[in-house]
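Remarks on the overall topology
Chain by chain, the residues:
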Amino acid sequence: MEDALLLALQLLGATVRLATPLVLAAFAGIYCERAGVVDIGLEGKMLAGAFFAAAAASATGSPWLGLLAAVAAGVALALVHGFACITHNGNQVVSGMAINILVAGLAPTLAYAWFHYGGQTPLLPSSARLPQIDLPGVEAVGAVPVLGPVYRELITGNNLLIWMTLVIVLATQWVLFRSRFGLRLRAVGENPAAVDTAGLSVTRLRYQALMITGVLTGLAGAYLSTGHGAGFVRDMTAGKGYLALAALIFGKWRPGPTLFACLLFAFTDALQARLQGVPLPGIGVIPVQFIQMLPYVLTVLLLAGFVGKAVAPRASGIPYVKER
Amino acid sequence: MAQAGMVKAGGQPGMVPGWVGYALMPVLNLIAAFLLSGLVILVIGENPVDVLSLMLSEAVGYPEAIGYTLYYTTDYIFTGLAVAIAFHCGLFNIGGEGQAYLGGLGAGLVGLALTGWPWPVAALAAILASALLGAAWAWIPAVLQAKRGSHIVITTIMFNFIAAALMTWLLVDVLIKPGQQSPETREFDPGVWLPSMEQAAGWFGVTLPNSPLNLSFLWALACCGLFHLFLWHTRWGYALRTVGRNERAAVYAGISPSRQIIVAMLISGALAGFVGVNEILGVQHRIILNFTGGVGFVGIAVALMGRNHPVGIILAALLFGVLAQGGAQVSFEYPTINRELVMVIQGLVILFAGALENLFRPQVEALFRRRGAAATEPGRG
């Protein structure tokens with residue numbers, strides 16, 4: 001009983017840790033897609049964030065400068081996306097793809113040139129990593145039967161960014177549905193012409209949304225390389241940006257369901273790490289590759305079966321051309 | 001999507017010549033992409049002019065290099081056509097990577113099975129098998145899009161990941177050559193290898209340099225011709241393009257969009273699958289891991305730059321072939337530069353030629369309009 005509880009809690013703990021970058025990226029997507037800009041470049045922005053966080057942290061020894069560099073990189077790429085899609089009415093999917101390919105090449109190229117470490121950054125010492133928050137009273141509470149393990153495995157010792165993500169989730173729900181900015185943001189994704197008629201700048205609103213996207217993807221990247229991991233390795237996002245996009249669609253562009261989808265994907269990921277090489281009753285050992293497929297297959301099944309037709313914000317993906 | 005800007009280029013009739021949109025704008029955008037690439041090369045501490053000129057000379061400077069460049073071009077023609085046909089139906093097929101991977105499985109299984117058969121039989125069977133598996137891999141996302149409304153961009157991306165895992169499993173656990181460590185199949189019987197261009201030219205007494213270029217290059221060119229015939233000279237092509245232009249109008253015309261979506265994706269997947277013929281039957285002669293290496297994504301850029309037209313696609317594929325071959329060589333010669341630099345240049349080319357295609361348009365059009373106005377002024381007076 002005790003063991004089963006511990007196992008479940010460890011699985012949940014791993015889920016939360018794996019979900020954090022997904023949640024940050026997916027919520028980054030919520031802002032821009034709600035404003036009518038499709039961003040398939042979440043993956044690239046995250047990877048850039050991961051690289052620049054690790055590079056800056058490695059060079060300066062400060063995780064905070066790393067975090068700042070990651071956010072700056074995310075915002076810079078978001079502005080490139082905005083310049084192409086908002087200012088020049090470019091194709092949004094193509095712009096996103098270009099950013100993904102560009103960063104997938106740029107990060108290892110720069111890592112190679114700056115660190116001579118085979119396309120990675122050196123391993124970061126713990127002082128250059130984002131700290132984990134140890135809450136007081138682990139000894140005192142730890143002795144309590146059920147509460148103790150829960151406190152130990154799930155609550156305390158989590159990375160700072162995990163807590164920040166929690167705040168961002170709650171804030172997003174409020175911003176989108178309770179603030180004036182959120183109302184305008186949603187309006188510009190549904191009917192930009194109406195927003196324009198009301199005397200608000202569509203361009204300005206969309207750029208604002210993309211800046212938020214840049215900040216959040218930068219945080220997601222920083223978490224990967226300086227929070228969860230200890231340095232940048234080539235291709236370290238490994239499709240998380242795309243999974244975040246899937247979570248966003250599965251969540252129908254709403255914060256709550258999107259968070260749930262991210263947790264679900266992270267849970268399958270945590271599960272697959274546990275299942276590798278473990279024989280299942282009646283089936284035997286499943287080849288690793290099939291277990292690794294799990295999140296992707298699940299995505300396809302969910303998109304096909306449960307969400308039904310995914311209806312995006314109406315103006316999503318369409319450049320707004322002001323009437324002259 | 002990509003042509004929308006083209007139509008607008010002639011907004012003021014007779015003022016801006018057509019070649020401005022088709023030739024001048026892409027060239028300007030390319031120059032911008034290369035200038036920025038030069039900046040990146042400067043940042044990593046090399047001389048951009050030296051690197052880029054070495055790249056060019058290593059790609060087209062001597063006959064052997066041209067063979068290598070055309071071999072890469074072959075892949076890009078296939079994936080470019082694949083993306084373009086989906087585009088014409090209004091679909092974004094990002095799954096070329098997975099479809100090409102599965103196509104390689106089809107070609108490879110034929111190569112493994114037909115030991116002792118003459119190569120023309122193997123070549124035909126491989127073309128069929130790679131088309132079949134490539135199409136099958138595109139079929140599921142197509143059906144999900146057409147019948148269930150799942151987002152095709154997402155499903156095709158997911159199918160890339162699933163294909164990668166599936167192929168790894170097949171190569172590690174199933175098809176691996178017995179008693180071997182590295183995950184690849186045994187080499188095919190040399191009799192079924194697709195002849196290289198050097199060999200083929202030899203039949204006619206022509207000497208060509210040794211390179212991986214093989215007969216599938218000719219098949220790629222043939223596919224360009226068939227693509228053109230199908231899309232603009234058959235009623236199937238007409239129906240497909242109608243759905244791409246205006247789905248609602250298509251419904252009124254009695255065309256079923258979901259049917260066209262599936263047809264377009266099947267052809268798209270088959271075309272991407274042909275990469276497997278070039279790579280597996282033509283060059284590697286065994287199934288190996290990750291032989292696609294991003295060709296599906298480059299295909300998106302090729303289709304965009306080629307304006308979804310076969311002639312444009314050949315030219316754009318040539319450009320990316322030059323980048324691939326030149327980039328590979330540069331990374332050998334410069335210790336500070338690795339192969340990823342090519343991805344940087346590719347990314348910038350896609351960004352400028354694809355997403356920022358309108359960047360210089362207003363200025364250039366204004367320039368031509370002013371000149372056009374100046375030229376017509378005296379005549380009017």
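Residues numbered from 1 in each chain as written. Chains lettered and ligands numbered in written order. Predicted model: local features only at pLDDT ≥ 70, side-chain atom pairs only at ≥ 80, totals over all residues. Heavy atoms only, no water.

Stated formally: UniProt positions are given in the numbering used here, feature names are shortened, and annotations may be inferred rather than shown by experiment.
Chain A carries the name Sugar ABC transporter permease in an unreviewed UniProt entry, which gives Azospirillum thermophilum as its organism. Taken directly from UniProt, the Subcellular location (unreviewed entry) text for chain A runs: "Cell membrane".

Section: the overall build of chain B
To keep things clear, this is the line we draw: Going along the chain from the N terminus, every DSSP run of H or I of four or more residues is numbered as a helix, and every run of E of two or more is numbered as a strand. With C-alpha atoms as the basis for the radius of gyration, the globule rule is written as 2.2 Å multiplied by the number of residues raised to the power 0.38. Summary of the burial criterion: residues with accessible area below 20% of their type's maximum are buried, those above 50% are exposed, and those between are partly exposed, where the area comes from a 1.4 Å probe applied to protein chains only. Each accessible area is a Shrake-Rupley result for a 1.4 Å probe, and residues are judged covered by the shown protein chains and nothing else. His is not counted here, nor are the chain ends, while Lys and Arg score as positive and Asp and Glu score as negative. Note on charges: their place is set at NZ of Lys, CZ of Arg, CG of Asp or CD of Glu.
Each helix and strand in chain B was counted, giving 17 helices and zero strands. Since a compact globule built from 381 residues should have a radius of gyration of about 21 Å, the 22 Å found for chain B is in line with a globular shape. Dimensions of chain B, computed from C-alpha atoms along their principal axes, come out at roughly 85 × 60 × 45 Å. For chain B, buried positions account for 57% of its 381 residues. As displayed, chain B has an accessible area near 15,900 Å², and 66% of this comes from carbon and sulfur atoms. Considering chain B, the positive charge centre built from 18 side chains and the negative charge centre built from 18 side chains are found 20 Å apart.

A few points about the overall build of chain A
Applicable threshold: Residue contacts are defined here by distance: any two heavy atoms, one from each residue, within 4.5 Å place the two residues in contact.
Along its length, chain A carries 13 helices and two strands. Along the longest, intermediate and shortest principal axes, the C-alpha atoms of chain A span 70 × 45 × 40 Å. The proportion of buried residues among the 324 residues of chain A is 53%. If you take every contact in chain A between residues at least 6 apart in sequence, the share linking residues at least 24 apart comes to 78%. Accessible area of chain A: about 13,400 Å², with a carbon and sulfur share of 67%. Charged side chains in chain A number 20 positive and 13 negative. The centres of these two groups are separated by 11 Å.

Overview of the state of the cysteines
As a reminder, the rule being used: Criterion for a disulfide: a pair of cysteine sulfur atoms at a distance within 2.5 Å.
Evaluation of the coordinates by the stated rule reveals zero disulfides over all chains. Among the cysteines around Cys262(A), which has no disulfide bond, Cys32(A) carries the closest sulfur, lying 14 Å off.

Re the UniProt feature "transmembrane region" (unreviewed entry) in chain A
Residue and element names in this part refer to chain A. Those residues carrying the UniProt feature "transmembrane region" (unreviewed entry) are residues 64–86, 93–115, 160–177, 209–226 and 293–312 in this numbering. Along residues 64–86 the backbone is 100% helical and 0% strand, and the end-to-end C-alpha distance reaches 31 Å. Helix and strand shares over residues 93–115 are 100% and 0% respectively, and the end C-alpha atoms of the span are 33 Å apart.

Considering the environment of Ile267(B)
All names here are of chain B. Here Ile 267 is to be found in helix H12 (residues 257–273). We classify Ile 267 as partly exposed; its relative accessible area is 24%. Along the sequence, Ile 267 and Leu 132 sit 135 residues apart, while their C-alpha atoms lie 9.7 Å from each other.

Observations concerning the interface of chain B and chain A
Selection rule: The term buried area denotes the loss of accessible surface (1.4 Å probe radius) that occurs when two parts are joined, taken as the sum for both partners. When a carboxyl oxygen of Asp or Glu is within 4 Å of a side-chain nitrogen of Lys or Arg, the pair counts as a salt bridge. By the criterion applied in these results, polar contacts are pairs of N or O atoms within 3.5 Å in which, for protein atoms, one can donate a hydrogen and the other can accept it, and in which residues neighboring in sequence qualify only through two side-chain atoms.
Tallying the contact residues gives 46 residues for chain B and 46 residues for chain A. Across the interface of chain B and chain A, roughly 3,900 Å² is buried in total on both sides, 79% from carbon and sulfur atoms. There are one salt bridge connecting chain B and chain A. At the junction of chain B with chain A, the criterion picks out one residue pair in polar contact (both at pLDDT 80 or more).

Concerning the environment of Gly108(B)
Residues and elements named next belong to chain B. In this structure, Gly 108 sits in helix H5 (residues 96–113). Relative accessible area serves as the criterion here: at 0%, Gly 108 is assigned to the buried category. Taking the C-alpha atoms as reference points, Gly 108 and Ala 126, 18 residues apart in sequence, are found 7.6 Å from one another. Those residues within four positions of Gly 108 in sequence are excluded, and the remaining contacts are Phe 188, Ile 280 and Ile 287.

Side note on the nonpolar core
Quick reminder of the rule: Joining through side-chain atoms within 4.5 Å is the link that ties buried Ala, Val, Leu, Ile, Met, Phe, Trp, Tyr and Cys residues into a set, and such a set is a nonpolar core.
Core analysis: the biggest nonpolar cluster contains 208 residues, and Ile40(A), Tyr76(B), Ile94(B), Phe320(B) and Val349(B) have the highest contact counts within it. When residues no more than four places from it in sequence are discounted, the contact partners of Ile40(A) are Val93(A), Gly96(A), Met97(A), Asn100(A), Tyr242(A), Leu245(A), Ile94(B), Val153(B) and Ile157(B). Counting six residues, the second-largest nonpolar core is a separate cluster that includes Cys32(A), Ala78(A), Tyr207(A) and Leu210(A).

What to know about the packing of aromatic side chains
Residue and element names in this part refer to chain A. Stated precisely, the cut-off is as follows: Two aromatic rings from Phe, Tyr or Trp, using only the six-membered ring of Trp, form a pair when their centres are within 6.5 Å; if the ring planes differ by under 30 degrees the pair is stacked, by over 60 it is edge-to-face, and anything between is tilted.
Scanning the model with the defined rule gives 15 aromatic pairs over all chains in all. With a centroid separation of 5.0 Å and 70° between ring planes, the pair formed by Phe 51 and Phe 52 is classed as edge-to-face. Relative accessible area serves as the criterion here: at 27%, Phe 52 is assigned to the partly exposed category. Aromatic rings pair up to connect Phe 51, Phe 52, Trp 114 and Phe 232 into one cluster.

Brief notes about the packing of H5(B) against helix H7 (residues 152–174) of chain B
Residues and elements named next belong to chain B. Our working definition: Whenever a helix is involved, its axis is fitted only over the stretch in contact; in every case the axis is a line through C-alpha atoms, and angles between N-to-C directions fall within 0 to 180 degrees. Roughly parallel refers to an angle under 35 degrees, roughly antiparallel to one over 145, roughly perpendicular to one between 65 and 115, and oblique to any angle outside these ranges. Each crossing is labelled by how the near helix is turned from the far one, with a counterclockwise turn of less than a right angle marking it left-handed and a clockwise turn marking it right-handed.
Relative orientation of the contacting elements H5 and H7 amounts to 30°, with a least axis distance of 7 Å. For the element pair H5 / H7, the angle class is roughly parallel. For the pair H5 and H7, the crossing hand works out as left-handed. Along the contact surface, H5 presents Gly 96, Glu 97, Gly 98, Gln 99, Tyr 101, Leu 102 and Leu 105, while H7 presents Thr 156, Asn 160, Ala 163, Ala 164, Met 167 and Leu 170.

Details of helix H16 (residues 340–355) of chain B
As a reminder, the rule being used: Here a helix's expected span is defined as the number of its residues, less one, multiplied by 1.5 Å.
For H16(B), spanning 16 residues, the distance from its first C-alpha to its last is 21 Å, which sits close to the expected 22 Å at 1.5 Å a residue. Where burial is concerned, most of H16(B) is hidden: 15 out of the 16 residues are buried.

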